[in-house]
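Close look at the chain arrangement
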Amino acid sequence: MIFHISARSSRLFQKQTLAVRKLWNSNFHSQTALCVFSGRGASCKSHERVSVSTEKLPHVPVMLKEVLHYLDIKPGQVVLDMTFGGGGHTKAVLDADSDVTILALDRDPAAISLAQQLAKEHPGQVKPLLGRFSDLEVLLSSINVREGSIDAVLLDAGCSSMQMDQAERGFSLSKDGPLDMRMDGERFADMPCAADVVNTLDQQALTSILTAYGEERHAWKIASAIVKARRVKPITRTQQLASVVAGSFPAAVLYARKDRLQRPSHVATKTFQALRIFVNDELKQLHAGLHAAQKALRSGGRLCVITFHSLEDRLVKRFLRGEDSSNLDPNPLDLGKRGTRTEKSVERKSVGVYWHCLEKKVIIPEKEDMKDNPRGRSAKLRVAIRC
């Protein structure tokens, strides 16, 4: 079921989200704290930094066959990979056609380090670009790439496998590490980490985040457990947070949730998703990235967007339909008391048709692909041609 909100509810949600961020910024800067790594774990101290590991790990690109098919890249074309990550898609494009130029964008310095290594292996073909989706226009201008000159764009939203596989990044609840979750690593000194969020915001703010960005039905209960636990000891580790969330549920429902393969899913999964989205401001960045891709692509150019949860997919779907989402939060939930859901009508305003969708329905991985690459089981692909 899809839940919508009215324009009034949307404005209310935006005010709540803004209030949460203002509260966070006030508390964070008053403490002048940073979430940093150490050999013993994460702690909040000032003026300490560490480097992010760039060790190569096995990487399986999501829906590779489908991406290559729909991008339909021809010799001599320029391709923009907006989320280079571990480089799986980019490498496949290079293997399929040696006469192609790839602009490799990523906000993660570790990913850009891998892109730089690949650039050495393919001189003149790979151009690494360090930055967020919202930085894309400036970055393209800096390397003299004009608007409307790119032939194909791939946008793979969310967290990369490389980030998930490195315990010290704090994205995975199955691996113990510092509760960090910052995709930008140490690039921005004032950027809060997940540990800062769970140890600073009040219960209502945490509830709003878990409801809005995790679609968590038990957000109030989980937020209450977090607040109680941090009174005893600051929550600074991924396994520590996972245990706190699990402790707020009866043992019988710890793995009661199921994924698309009907496998048990930990009750803290949505909590980790919500914190990651909030820390990295992912939905706003996705919105900015889609608009940047629209400007960058030539007429007839192709766009492939891979998303991993409903919040991202709804935003992409509305964008490709030409509906204005600039003043409407991408999350279609009305935050009522304790994060309850209510279904509302939504005001939709057309901003012009720029896309021709190649497939009416969203494309999902084949069953065999989900078995071979379980991490991509929730992936959704939408493909369109720039008009």
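A brief report on the enclosed structure follows.

With that settled, the discussion passes to helix α4 (residues 109–121). One full turn of an α-helix is made of 3.6 residues, so residues set three or four places apart face in the same direction. Its 13 residues give α4 an end-to-end C-alpha distance of 19 Å, which sits within 8% of 18 Å, the value for a rise of 1.5 Å per residue. Residues of α4 that are buried include every one of A110, A111, I112, S113, L114, A115, L118 and A119, and no others. Where α4 begins, the side chain of D108 points an oxygen toward the backbone nitrogen of A110, at a separation of 2.9 Å.

Attention shifts here to the packing of helix α8 (residues 203–214) against helix α9 (residues 219–232). As a packed pair, α8 and α9 sit with axes 8 Å apart at the nearest point and diverge in direction by 135 degrees. Between α8 and α9, the angle is such that the two are oblique. The way α8 lies across α9 gives a crossing that is right-handed. Seen from α8, the contacting residues are Q203, Q204, L206, T207, L210 and T211; seen from α9, they are A219, W220, I222, A223, S224, I226, V227 and R230. Here the residues of the contact of α8 with α9 sort into eight nonpolar, five polar and one charged.

Moving on: the pattern of salt bridges. On inspection of all chains with the given rule, the structure shows 16 salt bridges. With a closest N to O distance of 2.8 Å, R182 and D180 form a salt bridge. The exposure classification of R182 matches that of D180, with both residues buried. Residue R382 is joined to D313 by a salt bridge in which the shortest nitrogen-to-oxygen separation is 2.7 Å. In this pair, R382 sits in strand β11 (residues 380–386) while D313 sits in helix α13 (residues 310–320), placing the two residues 69 residues apart along the sequence. Each member of the salt-bridge network shares a partner with another, and the members are R107, R132, D184 and R187.

How each quantity is defined
Residues numbered from 1 in each chain as written. Predicted model: local features only at pLDDT ≥ 70, side-chain atom pairs only at ≥ 80, totals over all residues. Heavy atoms only, no water. Helix = DSSP H or I, 4+ residues; strand = E, 2+ residues; numbered from the N terminus. Expected span 1.5 Å × (residues − 1). Buried < 20%, exposed > 50% of the residue type's maximum accessible area, 1.4 Å probe, protein only. Polar contact = N/O pair within 3.5 Å; in protein donor to acceptor, adjacent residues only side chain to side chain. Axes fitted to C-alpha atoms, helices over the stretch in contact; angles between N-to-C directions. Parallel < 35°, antiparallel > 145°, perpendicular 65-115°, else oblique. Left-handed = near helix turned anticlockwise from the far one by under 90°. Contact = heavy atoms within 4.5 Å. Nonpolar A, V, L, I, M, F, W, Y, C, P; charged D, E, K, R; others polar. Salt bridge = Lys/Arg side-chain N within 4 Å of Asp/Glu carboxyl O.

The quantities given are spatial measurements derived from coordinates; they are silent on function.
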